[in-house]
Amino acid sequence: MSPLAGLDAHAQRLAGSSIAGLVETDPARARDFALRVGPLYANFSRQRYDRAVLDALFGIAGRAGLAGAMRRQLDGEAINSTEGRAVLHTALRGEASGAPVARDARAQAVAAQARMRALVAGLEAGDVTDIVSIGIGGSDLGPRLVADALSLPGARFRVHFVSNVDGNAAQRVLAALDPKRSAAIVISKTFGTQETLLNGGIVRDWLGDDSRLYAVSTNAQRVADFGIPAERTLPMWDWVGGRYSLWSAVGFPIALAIGMERFLQLLDGAAAMDAHAADAPLRENLAAWHALTAVWNRNALHAATQAVLPYDERLRLLPNYLQQLVMESLGKSVHVDGSAVAAETVPVWWGGAGTDTQHSFFQALHQGTQAVPADFIGVLQADHPYTQNHQALLANLLAQTEALANGQASDDPHRRYPGNRPSTLLLLDALTPQSLGMLIALYEHSVYLQSVLWGINAFDQFGVELGKQVANRLLPALQGEGEVDDAVTRELLREFNARR
Ligand code: F6P
């Protein structure tokens, strides 16, 4: 029987209850369903559950062995079983484990950081003004998010990102830059990714002088064949998943955008969350609360989607980043042993920055037929002088969580708000490298714990391979060579070729 089986009975018990009603009968939940970890505060009291549900969820967590699972990850067991790999991004940012495998990984990470520091210092001492980072997926989204969130006015470098194989991406970035004042980093764990190799080739040719070309990869041979020497290549390892890699040398563009010291502070923040996730008892464990809430919303309330709504312009790329982290990790329908999962796994994650999104999709959040659970993320201290804007931002953040939960009655059905829309509020005291590191690490650990609850492997991504294989097979046909088997694709190719 699924470990999640008992949840349906609770969902039925609460079917006639509303979030507002649950808070009214138990006002202390506003404080009791909240946790603080350093600069990060989380409040779960506007979720559609009560204390009995939490007892059931934490019971499930105990029986599923979440605490032991966390330890196995930190200790470097090969929990990515389909690929026989350890999952040790935690070793990139601290001493989370004394296990020999983890210590060995940590030593490699520290040595790579020293090399990265030297490369950053070398570039800072030169006359380069712009950095072009080329990568995709996990080799792009994390650096892009953190550089965008934390770079300060007057930063030493402007850092640009090219990911899409669409040539417009490279053209737009390069058009504004001077190749003589630019350096580029080609980031690819495998150094076999089509998009990155094509864009890397464009940028290598555009630079002209390849002494300003750098690489990050596990595959030193492919990097050398591409024309980047070992002294300008930083390592990656198969014990770091792409979507968990911003803490490694994949974060080279981050270190250039925000400085090496602040990059290390980002790692410190993540390490603090690692210590919390590993050591806090389940009932006080923020990663466990977050994961159990996700499972409740998906498996008991059957929410098909989950919104993530940062109320801070600097975190506008967080939804994009989390889409890969969460959906590439949890978009699975078989258990670790290959048997079909009975429970629904990951919902579709989507979102955008408040308050812009209030004027786009919030109508559907308030009055659409689906209740969409949301993570609202706010930052309490402003780092700009526009006090009134900041107060308005925070008022909107508070207002939306309240309005979605409580709704509003009206005789006019068009003006009625049903409410009962669950949300979690995550608040950072300020947006610093440490607090952002903590926030991202929280999501990483929540994702892993969700995977344990669902019995799936969060660390492979075979689902992305088929499309790549078909594209490789079709490329010759687009170039006018080779046969195509599929009747629809054949017809579409005819249309492509007639109109191009
Ligand atoms: O999208 C599939 C994927 O394999 C991701 O998991 C990975 O982050 C991305 O492609 C890029 O891979 P690489 O770093 O090897 O270029």
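Residues numbered from 1 in each chain as written. Predicted model: local features only at pLDDT ≥ 70, side-chain atom pairs only at ≥ 80, totals over all residues.

**Let's talk about the nonpolar core**
In terms of nonpolar packing, the biggest core is built from 140 residues, with V146, A184, I185, V216, F252, A270 and L442 touching the most fellow members. The element best represented in this core is helix α17 (residues 433-454), accounting for 13 residues. Of the domains in this structure, domain 1 (7-64 + 280-460) and domain 2 (98-263) are the two that each give at least three residues to this core. (Core = buried A, V, L, I, M, F, W, Y, C linked by C-beta atoms within 7 Å. Buried ≥ 20, exposed ≤ 12 C-beta atoms within 10 Å, placed from the backbone. Helix = DSSP H or I, 4+ residues; strand = E, 2+ residues; numbered from the N terminus. Domains from an automatic or database assignment.)

**Let's talk about the domain arrangement of the protein**
Interface size is commonly expressed as the accessible area that is lost once the parts come together. Split by domain assignment, the protein resolves into domain 1 (7-64 + 280-460), domain 2 (98-263) and domain 3 (465-499). Between the C-alpha centres of domain 2 and domain 3 there is a distance of 33 Å.

**Looking at the packing of helix α12 (residues 260-279) against α17**
Where α12 meets α17, the axes come as close as 7 Å, and the angle between the chain directions of the two elements is 45 degrees. Taken together, α12 and α17 sit at an angle that is classed as oblique. The interaxial crossing formed by α12 with α17 has right-handed handedness. Residue-level contacts link R262, Q265, L266, L267, D268, G269, A270, A272, M273, D274 and A277 of α12 to P433, Q434, S435, L436, G437, M438, I440, A441, L442 and H445 of α17. Class assignment for the residues of the contact of α12 with α17 results in 12 nonpolar, 6 polar and 3 charged. (Axes fitted to C-alpha atoms, helices over the stretch in contact; angles between N-to-C directions. Parallel < 35°, antiparallel > 145°, perpendicular 65-115°, else oblique. Left-handed = near helix turned anticlockwise from the far one by under 90°. Contact = placed C-beta atoms within 7 Å. Nonpolar A, V, L, I, M, F, W, Y, C, P; charged D, E, K, R; others polar.)

**Observations concerning helix α8 (residues 167-175)**
Of all the positions in α8, only A170, V173 and L174 are classed as buried. The buried residues of α8 occupy an angular sector of 90 degrees when the element is viewed end-on, so they sit on one face. Within α8, the exposed residues directed more than 90 degrees away from the buried face are N168, Q171 and A175. Where the residues of α8 are buried, they touch β3 (130-134), β4 (158-162) and α9 (194-207). (Arc of directions from axis to C-beta.)

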